[in-house]
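Take a look at the letters that make up each chain.
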Amino acid sequence: MLVVATAGHVDHGKSTLVRALTGMEPDRWAEERRRGMTIDLGFAWTTLPSGATVAFVDVPGHERFVPNMLAGVGPVPAAMVVVAADEGWMPQSAEHLAALDALGVAYGLLVVTRADLADPGPVLEHAGAHLAATSLRDVEAVAVSAVTGAGLPQLRAALDRLAARLPTASTDGPVRLWVDRSFTMRGSGTVVTGTLGAGELRVGTELVVAGSGEPVRVRGLHRLGQPCEQVGPVARVAVNLRGVARDRIARGDALLTPDGFASTDLVDVRLAGDPAADLPATLTLHVGSAAVPVRVRPLGVDTLRLRLARPLPLLIGDRALLRDPGRHHVAGGVTVLDVAPPPLRRRGAAAARAAVLAGMDGRPDLAGELRRRGLVRAADLRRAGVPVTGAPVCGGWLADPEHWRQLGRRLADAVADHARRHPLEPGAPVEVLRQRLDLPDRALVEALVRAPLRLAAGRVGTADADTLPEPVARALALLREELTTRPFRAPEADRLAAVGLGTREIGAAVRAGVLLRLTGNVLLPSGAPQQAVRVLATLPQPFTLSAARQALDTTRRVAVPLLELLDRQGATRRLPDDTRMVVGR
Ligand SMILES: Nc1nc2c(ncn2[C@@H]2O[C@H](COP(=O)(O)OP(=O)(O)OP(=O)(O)O)[C@@H](O)[C@H]2O)c(=O)[nH]1
């Protein structure tokens, strides 16, 4: 479906032309009919000679209603600039054209109407010259009279050619339907209308209301006044919603595919129009059907940072318009470059940011985004309008290849540094490394681990991390003889301290599997239990605790927990009279 917005000075015949083309009275407020002036948007449609349908969004020409005009034009891909032959180019012709140009509308027609009242030739030429300097420079021009009907067949043919030229809209991808009207219908509840630019809607589709995030479900769909099950782009559509009260959704809201967009109140943009430095500190941003006050901060000659009074679901590459409502002045058009820009805290950050933005053109570019951000969630890029291809480095994270290699090197350095400062620990804890590398997710640390690094028990170390740290090995060497000759005599605390085995060293020896911690302070060589079984097997069975203690040449402090350990391991069995047997002897 071709959707075309009208544009032009008040009373130049926009509504009359739409009526002549469609035979429809655009549905409007009673007040408008009484005053003979368009205040708000009107909608009407017809079939073209080719069989294609065209829907018109008829906008008001009066300067007081420019915000309404922008809400109508914002989401629509084509425009029909209407100029009256008898009045010629007027202030609102200029402001409307400036708005279309700022929004980058490149498809449309120039229509000189009221051709029965004056020769349209000079106006065609004059208006054509104005359009030549804008995004609408390549449009066809037609002269018509809505009263005599002259030129209307030519206009219909021109609309057909326009429909054929428009790029096809994508049915894949998320829906962002900017709401231009919302009302209640008896028996149906809340209905909103808008121009569906991309994606697809069906009865039953689940959506969310931008801003509030409130979930809604499509209860019914109308396309050109007819109920239907499914609507594809581009189309004028009326959506009957389940689950939302009329006062919860209005012009300027958007219906979104859940998780398809990130709403943002901070964007960096490129400006075409007045020089960035000359802009007032506050302006109104018009995008889609929304109008939101923004604070403007110039960054470079033609780049700005905008702080929005409320978040909007914006994408990289979105076109929007900055207007000074007090002066009735279109300050310029902007192209969104970044929807999640970094904060500018340090001195000189704005200039550095301007340099980065200078290399961006508003076309979503995966490699460029990765280069700039280093590391980013695929979902965040998708929600910013960047098509994502290529494999994530882990759990939905994408990385610039060079940045990722550099992180790998920094991880190795951090692990080596940790080993120097904590020689007794078997590697650096993942959380410590995450903080050192300032990574947003521990899974990234784990994904960065490459040989010779190794991940074990929540720590990253070198592959030999569970071999004994050097100082511990030295201390144990001093105990070797007594541990070998009398393996069941656990060394006393003062003996351990004398050879240099403190709590941490003992912990390292236990983790390395050299010592066995029988109870808090009872330590044996790790092979002691198997050795004990061999000794106990030589005793007459069953044997008492006392006999075991003597055979093992040890004290009760060791014998009791050692036998209990052997019971638990199933190597010995404890009988009801407290004697024991070696199992399977
Ligand atoms: N003679 C003649 N009169 C026309 C023609 N088209 C429109 N008019 C008249 O021009 C006046 C304004 O027409 P509208 O269609 O209301 O103008 P508009 O541009 O829609 O006005 P706004 O929406 O309020 O900006 C009306 O009195 C129309 O009857 C035409 O082709 N020939």
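Residues numbered from 1 in each chain as written. Predicted model: local features only at pLDDT ≥ 70, side-chain atom pairs only at ≥ 80, totals over all residues. Heavy atoms only, no water.

(A) View of the overall build of the chain. Within the chain, the secondary structure is distributed over 18 helices and 31 strands. Its C-alpha atoms give the chain principal-axis dimensions of about 125 × 55 × 35 Å. Looking at the chain residue by residue over its 585 residues, the buried ones come to 48%. For the chain, the proportion of contacts with a sequence separation of at least 24, taken over those separated by at least 6, is 65%. (Helix = DSSP H or I, 4+ residues; strand = E, 2+ residues; numbered from the N terminus. Buried < 20%, exposed > 50% of the residue type's maximum accessible area, 1.4 Å probe, protein only. Contact = heavy atoms within 4.5 Å.)

(B) Molecular detail of the nonpolar core. The biggest cluster of nonpolar side chains holds 39 residues, and the ones touching the most others in it are L285, L304, L306, L308 and L322. Apart from the residues lying within four places of it in its own chain, the contact partners of L306 are D265, L266, V267, V269, L285, V294, R295, V296 and L322. Membership of the second largest hydrophobic core comes to 35 residues, among which are A7, L103, A127 and L321. (Core = buried A, V, L, I, M, F, W, Y, C linked by side-chain atoms within 4.5 Å.)

(C) Region of interest: the side chain of T572. Within the fold, T572 resides in strand β30 (residues 572–574). One polar contact links T572 to D567, side chain to side chain, over a distance of 2.6 Å. Excluding residues that lie within four positions of it along the chain, T572 makes contacts with L536, L563, L566, D567, R580, M581, V582 and V583. (Polar contact = N/O pair within 3.5 Å; in protein donor to acceptor, adjacent residues only side chain to side chain.)

(D) Here's a closer look at the sheet that holds strand β25 (residues 428–429). Spatially, three strands are ordered β25-β27-β26 in an open sheet, and the strand pairing comes out antiparallel. With partners counted over all chains shown, the strands left at the sheet margins are β25 and β26 (453–456), one partner each. Pairing analysis gives four bridges linking β26 to strand β27 (residues 459–462), with the strands arranged antiparallel. When the sheet's bridge partners are listed, R454 is paired in β27 with G461. Helix-sheet contacts for helix α10 (residues 401–421) involve β25, β26 and β27, and the interaxial angle to β26 is about 70 degrees. (Pairing = 2+ DSSP bridges. Axes fitted to C-alpha atoms, helices over the stretch in contact; angles between N-to-C directions.)

(E) Region of interest: the pairing of strand β8 (residues 181–185). Alignment of β8 against strand β9 (residues 189–196), held across five bridges, turns out to be antiparallel. Across the sheet, the residue bridging to M185 is G189, located in β9. The hairpin formed by β8 and β9 contains three residues between the paired strands, and G187 there has a positive phi angle of roughly 85 degrees.

(F) Here's a closer look at empty space enclosed by the protein. For the coordinates displayed, the defined rule picks out one cavity of 30 Å³ or more. Looking at the largest cavity, its volume works out to about 30 Å³. Lining the largest cavity, in full, are W178, A210, G211, G252, D253, A254, R310, P311, L312 and P313. Considering every element that reaches the lining of the largest cavity, the biggest residue donor is strand β20 (residues 303–313), with four residues. Of the residues contributing to the lining of the largest cavity, the split by class is six nonpolar, two polar and two charged. (1 Å grid on protein atoms, 1.4 Å probe; cavity = no way out; pocket = protein on both sides within 12 Å on 5 of 7 lines; lining within 4 Å. Points joined across faces, edges and corners; volume = space filled by probe spheres on them. Nonpolar A, V, L, I, M, F, W, Y, C, P; charged D, E, K, R; others polar.)

(G) Quick peek at the sheet that holds strand β4 (residues 78–84). Taken in spatial order, the six strands of this open sheet run β2-β3-β1-β4-β5-β6, and their pairing is mixed. Two strands in the sheet have a free side with no partner beyond their single neighbour: β2 (42–47) and β6 (140–143). The sheet shows a mean angle of 25 degrees between the axes of neighbouring strands, taken without regard to direction. Alignment of β2 against strand β3 (residues 53–58), held across six bridges, turns out to be antiparallel.

(H) Molecular detail of the layout of surface pockets. Taken as a whole, the largest pocket spans an internal volume of roughly 1400 Å³. As for the largest pocket, its lining consists of 43 residues, of which P75, R176, G197, A198 and D318 are closest to the centre. Tallying contributions element by element places helix α9 (residues 378–383) first for the lining of the largest pocket, with three residues. Of the residues in the lining of the largest pocket, the class split is 24 nonpolar, 12 polar and seven charged.

(I) Structural view of the environment of A428. Looking at where A428 falls in the secondary structure, it is placed in strand β25. For A428, a relative accessible area of 1% corresponds to the buried category. Counting along the chain gives 148 residues from A428 to P576, while the straight-line C-alpha distance between them is 49 Å. Setting aside chain neighbours within four positions, we find A428 in contact with H418, L433, G458, R459 and V460.

(J) Summary view of the pattern of salt bridges. Per the stated rule, a full pass over the model turns up 33 salt bridges. For the salt bridge of R270 with D302, the shortest nitrogen-to-oxygen distance reads 3.4 Å. Here D302 lies in the loop between β19 (290–298) and β20 and R270 lies in strand β17 (residues 263–273), a separation of 32 residues in the sequence. Among the ionic pairs, R434 bridges to E431, the shortest N-O distance being 2.9 Å. On the criterion of helical spacing, the pair formed by R434 and E431 is a turn pair, its members being three residues apart in helix α11 (residues 430–436). Residues joined by salt bridges that share partners form a network here, namely D268, R305, D338, R353, E369, R372 and R373. (Salt bridge = Lys/Arg side-chain N within 4 Å of Asp/Glu carboxyl O.)

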